Amino acid sequence: MPLTPVLLGLGSNVERENHLCAGLDALAELLTDMRCSPVFESLAVGYKGDNFYNLVVAGQTALPLNELDRRLKFIEADNGRYAPERKGLPLDIDVLLYDTLVGDFDGLRLPRAEILKNAFVLRPLAWLVPEQRHPAVGRSFAELWREARIDQQLWPVSFHWRGVELTPLELLQEPRSGIPA
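Heads up: these notes are all about the structure in this document. (Residues numbered from 1 in each chain as written. Predicted model: local features only at pLDDT ≥ 70, side-chain atom pairs only at ≥ 80, totals over all residues. Heavy atoms only, no water.)

Counting secondary structure elements, the protein chain contains 6 helices and 10 strands. In summary, the protein chain has a C-alpha radius of gyration of 15 Å against a globular reference of 16 Å for 181 residues, a match within 12%. Dimensions of the protein chain, computed from C-alpha atoms along their principal axes, come out at roughly 45 × 40 × 30 Å. For the protein chain, with 181 residues in total, the buried portion stands at 50%. Partitioning the intrachain contacts of the protein chain with sequence separation of at least 6 by distance along the chain shows that 66% fall at a separation of at least 24. Here the protein chain displays about 9200 Å² of accessible surface, and carbon together with sulfur accounts for 51% of that area. In the protein chain, the 19 positive side-chain charges and the 25 negative ones have mean positions that sit 4 Å from each other. (Helix = DSSP H or I, 4+ residues; strand = E, 2+ residues; numbered from the N terminus. Rg over C-alpha atoms; globule rule 2.2 N^0.38 Å. Buried < 20%, exposed > 50% of the residue type's maximum accessible area, 1.4 Å probe, protein only. Contact = heavy atoms within 4.5 Å. Areas by Shrake-Rupley, 256 points an atom, 1.4 Å probe, with all protein chains shown as cover. Lys, Arg positive; Asp, Glu negative; His and termini not counted. Charge placed at Lys NZ, Arg CZ, Asp CG, Glu CD.)

Right under this line is the structure:
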């Protein structure tokens, strides 16, 4: 079965380390050649509550888009996303890109609009896949980040998954900022 490249956005503001690690473990079962961006902390956008940890994952999948999205919902559910008593957002996993698809696919709009609106999505993309082009805009994620004027603060944080630090030391030493220099 052919493999399709995907980019996924992950976020959590409840037991952030536990839920993100659980999400990454589950994604490692669904994706091949999985790579992770650094982890960034940001103020909550669209939710009341604690700060979020966010990252982007690149990989390849043999799953069709609708099945991938369905499985992501199960991973979210396993982490309490849809629990009625939940506070905050334990785990959010969004399909940002599925190959170069552009359009509406059974209610899933691709590429995801948050890419261009939220620093916590665009900056990890610019770090992980800087030369990859946004399929609708035609510009690289590095270019889009350099030119972004998104009024959101975010900063890199130390984060370990499976014994590996995802955020490089040089990035951790940067000053807090939401707007590229």
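Moving on: the environment of Ile93. Tracing the backbone through its elements, the reader meets Ile93 in strand E5 (residues 92-98). When its relative accessible area of 0% is taken as the criterion, Ile93 is described as buried. Considered as a pair, Ile93 and Gly11 are 82 residues apart in the sequence and their alpha carbons are 6.7 Å apart. Not counting the four nearest positions on each side in its chain, Ile93 is found in contact with Leu8, Gly9, Leu10, Leu72, Lys73, Ile75 and Glu76.

What follows deals with the pattern of salt bridges. Using the criterion set out here, one finds 10 salt bridges in the structure. Of the charged contacts, one joins Arg112 and Asp94 as a salt bridge, the two residues approaching to 3.5 Å between their closest N and O atoms. Of this pair, Arg112 sits in the loop between strand E7 (108-110) and helix H3 (114-117) while Asp94 sits in strand E5; the two residues are 18 residues apart in sequence, bridging distant segments of the chain. In this structure, the salt-bridge partner of Glu143 is Arg133, at a minimum N-O distance of 3.4 Å. Here Arg133 lies in the loop between helix H4 (119-128) and helix H5 (141-147) and Glu143 lies in helix H5, a separation of 10 residues in the sequence. Among the residues examined, Glu143 registers a relative accessible area of 23% and is labelled partly exposed. One network of salt bridges, in which partners are shared, links Glu67, Arg70 and Arg71. (Salt bridge = Lys/Arg side-chain N within 4 Å of Asp/Glu carboxyl O.)

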